[in-house]
Amino acid sequence: MELYSLTIHEAQEKLRQGEISSVELTESVLERIDAVEAKVGAYISLQPELAVRMAEMADERRAVGEDRPLLGIPLGIKDTIITHGVPTTAASKILDGFVPPFDATAIDRLRQAGAVFVGKTNCDEFAMGSSTEYSAFHPTRNPRNLNCVPGGSSGGSAAAVGAGEALGSLGSDTGGSVRLPASFCGVVGLKPTYGRVSRYGLIAFGSSLDQVGPITKDVEDAAILLNAIAGHDARDSTSLNAPVPNYVDEIKQGDGLKGIKVGIPQEYFTEGMEPGVAQTVRAAIDHLADLGAEPVEVSLPNTGYGIPAYYIVATAEASANLSRYDGVRFGLRQDGGDMWNTFSQTREAGFGPEVKRRIMLGTYALSAGYYDAYYLQAQKVRTLLRQDFERAFEKVDVMVSPVAPMVAFEINAKVDDPLQMYLTDVLTVSLNLAGVCGISIPCGFSEGMPVGLQIIGPALGESAILRTAYQYEQTTDWHKQPAEL
Ligand code: GLN
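Residues numbered from 1 in each chain as written. Predicted model: local features only at pLDDT ≥ 70, side-chain atom pairs only at ≥ 80, totals over all residues. Heavy atoms only, no water.

Chemist: In this structure, what is going on with helix 4 (residues 105-112)? I would like to understand it.
Modeler: Owing to its 3.6 residues per turn, the α-helix aligns residues three or four sequence positions apart on the same side. Every buried residue of helix 4 is accounted for by T105, A106, I107 and L110. For helix 4, the elements touching its buried residues are strand 2 (74-78), strand 3 (116-121), strand 4 (168-173), strand 6 (211-216) and helix 7 (219-229). One or two positions beyond helix 4, positive phi appears at G114, with a value near 95°. (Buried < 20%, exposed > 50% of the residue type's maximum accessible area, 1.4 Å probe, protein only. Helix = DSSP H or I, 4+ residues; strand = E, 2+ residues; numbered from the N terminus. Contact = heavy atoms within 4.5 Å.)

Chemist: How do you make sense of the site of the ligand when you look at a structure like this?
Modeler: Around the ligand, 15 residues are found, and the nearest of them are G175, S177, Y310, R358 and D425. In the complex, the protein chains occlude 100% of the 300 Å² of accessible area that the ligand would expose alone. (Near = heavy atom within 4 Å. Areas by Shrake-Rupley, 256 points an atom, 1.4 Å probe, with all protein chains shown as cover.)

Chemist: In this structure, what is going on with a nonpolar patch on the surface? I would like to understand it.
Modeler: There is a patch of nonpolar side chains on the surface, built from Y364, Y370 and Y374 and spanning about 290 Å² of accessible area. Tracing the chain through its elements places Y374 in helix 13 (residues 372-395). (Patch = residues over 30% accessible without salt bridge, like charges linked within 9 Å, V, L, I, M, F, W, Y side chains within 5 Å. Salt bridge = Lys/Arg side-chain N within 4 Å of Asp/Glu carboxyl O.)

Chemist: I keep staring at the sheet that holds strand 1 (residues 43-46) and nothing clicks. Help me out?
Modeler: In a beta sheet, neighbouring strands are held together by backbone hydrogen bonds and run either parallel or antiparallel to one another. A sheet is described by the order of its strands in space; here eleven strands give the open sequence 1-3-2-4-6-5-10-11-9-7-8, paired in mixed fashion. Of all strands in the sheet, those with a lone pairing partner are strand 1 and strand 8 (294-298), marking the two edges. Neighbouring strand axes in the sheet, compared pairwise and without regard to direction, differ in orientation by 30° on average. For strand 9 (residues 398-402) and strand 11 (residues 449-457), the ladder comprises four bridges, and the chain directions are antiparallel. (Pairing = 2+ DSSP bridges. Axes fitted to C-alpha atoms, helices over the stretch in contact; angles between N-to-C directions.)

Chemist: For this particular structure, what's the right way to read the state of the cysteines?
Modeler: Two cysteines, two sulfur atoms, one covalent bond between them: this is a disulfide. Under the counting rule described, the total for this entry stands at zero disulfides. Here C148 is not cross-linked by a disulfide; its sulfur's nearest cysteine counterpart is in C185, at 10 Å. Note on C148: relative accessible area 5%, which makes it buried. C443 forms no disulfide, and the closest cysteine sulfur to it belongs to C185, at a distance of 15 Å. By relative accessible area, which is 3% here, C443 ends up buried. (Disulfide = S-S within 2.5 Å.)

Chemist: What exactly am I supposed to notice about the packing of aromatic side chains here?
Modeler: A ring pair, where both rings are aromatic, is described by two values, the distance of the centres and the angle of the planes. In total, this model carries 16 aromatic pairs according to the counting rule given. For the ring pair F98 and F330, a centre distance of 5.5 Å and an interplane angle of 70° mean the geometry is edge-to-face. With F98 in the loop between strand 2 and helix 4 and F330 in the loop between helix 10 (306-321) and helix 11 (339-350), this residue pair connects regions lying 232 residues apart in the sequence. On the accessibility criterion, F98 (12% relative accessible area) is buried. Ring plane angle 45° and centroid distance 5.9 Å describe the contact between Y364 and Y374, whose orientation is recorded as tilted. Placement of Y364 in helix 12 (residues 353-366) and of Y374 in helix 13 is noted, with a sequence separation of ten residues between them. Using a relative accessible area of 40% as the deciding quantity, one classes Y364 as partly exposed. Aromatic rings pair up to connect F98, F126, Y325, F330 and F351 into one cluster. Its guanidinium or amino end placed over the ring of F269, R282 lies 4.2 Å from that ring's centre, counting from NZ or CZ. A cation sits over an aromatic face here: K414 above F409, 4.9 Å from the ring centre. (Phe/Tyr/Trp six-rings, centres within 6.5 Å; stacked < 30°, edge-to-face > 60°. Lys NZ or Arg CZ within 6 Å of the ring centre and 35° of its normal.)

Chemist: Explain the pattern of salt bridges to me, please; I cannot follow it from the model alone.
Modeler: Where charged atoms from two side chains of opposite charge come close, those side chains can pair. On inspection of all chains with the given rule, the structure shows 16 salt bridges. Put simply, D67 and R16 hold a salt bridge, and the shortest N to O gap is 2.7 Å. Of this pair, D67 sits in the loop between helix 3 (48-63) and strand 2 while R16 sits in helix 1 (residues 8-16); the two residues are 51 residues apart in sequence, bridging distant segments of the chain. Judged by its relative accessible area of 41%, R16 falls in the partly exposed class. Between R358 and E354 there is a salt bridge; the shortest N-O distance is 2.7 Å. Residue R358 and its partner E354 are both found in helix 12; the two are separated by four residues, about one turn of the helix. Just as R358 is buried, E354 falls in that class too. Salt bridges here are not isolated pairs; linked through shared partners, they connect R16, R62 and D67.

Laid out in structure tokens, this is it:
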């Protein structure tokens, strides 16, 4: 078995036993990158020398008896997350050449835990998209079928893990961007509760929706990464000041799934769903029942308003957040003579078409005459969606659904049809609008491509969804079928 194909917890064990060194592990990942990256395109930038140096340091620390949760583990980081001294572009030309002078809190915490950083992963520009085709640099391909998209927007992070080009990675999820690519690539992706992980240093898209989340080969690894990055941060006023349990201990507790009520939201099994996806997820629900869970039909009646409300709120917030890219402070600058021409020419040259579309939509939704008609309405829908979840969670512990109505589609299939692209998120955006948590785990295949099971939990219900996911995973082997490249 090649070292790059280990999970984080398997690698930890071998590092602790002294069977392998972090340098060996990191070099195995770097060799894998050399072998497959030209096909997959998971990364925007690679820092192999830095990675080997970090690995050497990890080995030295271990040699003097230090042990930390991620000591010597090579990870990939989505390029929307700020990394000190390493270029960070959010896959946009407007940030080309930007080298941040600080770390995001999540990165800072991974460093404290001893992690090794291999490179910055590709994504849709400013995390706007569902296929990683809106990257200003290059598309990423799905390691399970190179003709298909990896999903988005954290497509590079999911493809890197799926292809063995990192042991785990961080993505960011505003409307599904961790869960969708995890589902399309057959790996695990967790969107934490809003506020569970600090957003400090996450390049803002929709500030009331954004969360950093781990993408990994299995559920235990997701718990390990969440342990490292979760918790209150004084630098993010929206971060929650709630204790962080040890999620690795939490997932192994309980007697199977006995007594766990699993809600099945009827609105999440929509008509347009691919039959293979529906069948696979239904089979997964039967399996949960075999493990002792009690399936309960529930209703989230306002689900149909999720997509319209999301695309008002997310674009409105994006239009404000992206106003800071003006050629003065970071990245690209197109000199236009005077100030206003410099601003507009920089933005004209630096932003891609999807980002421009969203800035226009968001500016329109916030404009004086339309604020009440769009933004205010969307905020009201948001309250209704939150109440839907609260009511359902009075009856059940977790809920399950597909992550998306389809499996990974072919490259170019939706790139010219933004509305079709937006619909891929129909089963994920409501969680962000309501601020609750969700995880995507592999639960089978349809048309040869992976299907993701979404397990949804209430606010701060990470232990419950991870435990359910872990029990499912322990008794299935969908996560043990690596992509053949
Ligand atoms: N696909 C959704 C969008 O385009 C979600 C993106 C995300 O979660 N970052 O907005």
